[in-house]
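Listed below are the residues making up each chain.
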Amino acid sequence: MMRSHDILCIGSVLWDVIGRAPLAMRQGSDVPGRITRLPGGVAMNIAMTLARFGLTPALLTAIGRDAEGDELIAACTARGMITDTVYRSEDLPTDQYMAVEGANGLIAAIADAHSLESAGAKILRPLTDGTIATDRAPYTGLAALDGNLTLDLLNEIATSPVLANADLRVAPASPGKAERLGPFLTHSRGTLYVNLEEAGLLCQRGFETSMDAAEGLLDRGAARVLVTDGGNTATEGSADGLVSETPPQVLVTRITGAGDTFMAAHIAAEVRGAGRPEALHAALEAAAIYVSGKTPT
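Just so you know, these numbers come straight off a predicted model, no measurement behind them.

Caption draft 1: Spotlight on the side chain of S160. As for its placement among the helices and strands, S160 is situated in the loop between α4 (151–159) and β10 (167–171). Owing to a relative accessible area of 14%, S160 belongs among the buried residues under this scheme. In terms of polar contacts, S160 uses its side chain to reach the backbone amide nitrogen of V162, at 3.1 Å.

If you want it as structure tokens, here you go:
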């Protein structure tokens, strides 16, 4: 029997290959630094942070039956995640992400999530085959998902009765995939976690502040949103109004995964019963700790 879980994490679980340099970089820079290979992906980053906050996430994703996939499954299990729900493909390789960061921020990144995209709705089988839920007994708990899923699959999730009663928490994988979250605006489903750029792409207009962006997303049909803007004020918005707070000022030593940490910390705070201002504060504190190079707990 599968272990009990607190939340589903649906989306990319892959290997992150990150090169970091302590110097400011530009296109064509060739500088010394450190290269790391760690479990990553939006769903994975969220799940890892949730696990650190004492929650048990179950993964719905695609991982290859290659050596990299076996190693990744072992890493997920060791970090307290449920992997019985993972779709293991015989012919699709394990996905990966590569990024270069300098002292001046993210320089470039490439996300290879082709296997997840190819697997499509197969990753949702545990929601109908009895592993987690069935068509007659739909899932009603928390589910975090990301924009590495295809637009067709995201539209299916936004409209399917299988997840109609679930508490959906949705994040784009990157600004380049932000527009894939359109179905959640169209159908007023879920809580969207986006940055200022992603909010602008979803609304097809520019915003000066997170407050303006939150209002813009709500006007476009979003049920609830959280908009971050780097070190500037972040805003949570819903039909109950807006809540804003400026994050702590810290020395930034890493960027990749900060948004995922913010989202996971916010979810964990609400699971513990925090109100809207308290949950936003907890998320901003955790993200600040993360970008400073420490581990939020």
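Having seen the structure, we can now continue with the description.
Caption draft 2: Here's a closer look at the packing of helix α6 (residues 196–203) against helix α7 (residues 210–219). Orientation of α6 relative to α7, taken along the N-to-C sense of each, is 30°, at an axis distance of 10 Å. As α6 packs across α7, the resulting crossing turns out to be left-handed. Facing L196, A199, L202 and C203 of α6, the residues of α7 in contact are S210, A213, G216 and L217. Across the contact of α6 with α7, the residue classes tally to six nonpolar, two polar and no charged.

Caption draft 3: Summary view of the nonpolar core. Residues I123, F184 and L217 are the most contacted members of the largest nonpolar core, which totals 43 residues. The contacts of I123, once residues within four sequence positions are left out, are I10, L60, T61, A62, Y87, L116, L149 and L153. Judged by nonpolar contacts, the second largest core, of 38 residues, contains M44, A171, M263 and I267.

Caption draft 4: Representation of α4 within the structure. Three or more residues of α4 are buried, namely L153, L154, I157 and A158. Summarising the axial view, the buried residues of α4 lie within an arc of 140°, below the 170-degree limit, and thus occupy one face. As for α4, its buried residues are in contact with β9 (142–146), β10 and α5 (182–186).

The rules behind these values
Residues numbered from 1 in each chain as written. Predicted model: local features only at pLDDT ≥ 70, side-chain atom pairs only at ≥ 80, totals over all residues. Heavy atoms only, no water. Helix = DSSP H or I, 4+ residues; strand = E, 2+ residues; numbered from the N terminus. Buried < 20%, exposed > 50% of the residue type's maximum accessible area, 1.4 Å probe, protein only. Polar contact = N/O pair within 3.5 Å; in protein donor to acceptor, adjacent residues only side chain to side chain. Axes fitted to C-alpha atoms, helices over the stretch in contact; angles between N-to-C directions. Left-handed = near helix turned anticlockwise from the far one by under 90°. Contact = heavy atoms within 4.5 Å. Nonpolar A, V, L, I, M, F, W, Y, C, P; charged D, E, K, R; others polar. Core = buried A, V, L, I, M, F, W, Y, C linked by side-chain atoms within 4.5 Å. Arc of directions from axis to C-beta.

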